[in-house]
Amino acid sequence: YEGRVYNVDLHDGRGVLQMLVRDCPRGSRCPLWVSYAAATEVAVDAWVRIYGTIEGEQQFRSTSGEVRTVPSVAAAYVRPSRP
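Engineer: I'm lost on the state of the cysteines in this one. Help?
Structural biologist: Between two cysteines, a covalent bond joining their sulfur atoms is known as a disulfide. Summed over all chains, the structure comprises 1 disulfide. Across the disulfide, Cys24 is cross-linked to Cys30 (sulfur-sulfur distance 1.9 Å). Looking along the S-S bond of the Cys24-Cys30 disulfide, the torsion reads about 70 degrees, which is the right-handed sense. By relative accessible area, Cys30 is classed as partly exposed at 24%.

Spelled out as structure tokens, the structure:
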């Protein structure tokens, strides 16, 4: 998947990214939760390409307090991409 990162978090040496997938139907938002086995230097608003395995769903509470469920991917690779 390829897209723009809107949240980055590190826990115990593991990276967690939240991104919006580039190839999403017009007028829609396609968020994706990405876990990565290593720390990453990816920053918010960076464009990345990830390679990995879909693990299921991830729930989180948005800044507005709403509980959201999005697809979750265990990434084997996280690479920079072009906007």
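Engineer: Where do I start with the side chain of Gln18 in this structure?
Structural biologist: Its place among the elements puts Gln18 in strand E2 (residues 14-21). Reaching out from Gln18, the side chain makes a polar contact with the side chain of Asn7 at a distance of 2.5 Å.

Engineer: Any chance you could explain the pairing of strand E5 (residues 67-80) here in plain terms?
Structural biologist: Bridge analysis of strand E3 (residues 31-36) against E5 gives 4 bridges, and the strand direction is parallel. Pairing of Tyr36 across the sheet is with Ala75, part of E5. As paired elements, strand E4 (residues 47-61) and E5 share 13 bridges and run antiparallel to each other. Bridge pairing in E5 links Phe60 to Arg68.

Basis of the calculations
- Residues numbered from 1 in each chain as written.
- Predicted model: local features only at pLDDT ≥ 70, side-chain atom pairs only at ≥ 80, totals over all residues.
- Heavy atoms only, no water.
- Disulfide = S-S within 2.5 Å.
- Buried < 20%, exposed > 50% of the residue type's maximum accessible area, 1.4 Å probe, protein only.
- Helix = DSSP H or I, 4+ residues; strand = E, 2+ residues; numbered from the N terminus.
- Polar contact = N/O pair within 3.5 Å; in protein donor to acceptor, adjacent residues only side chain to side chain.
- Pairing = 2+ DSSP bridges.

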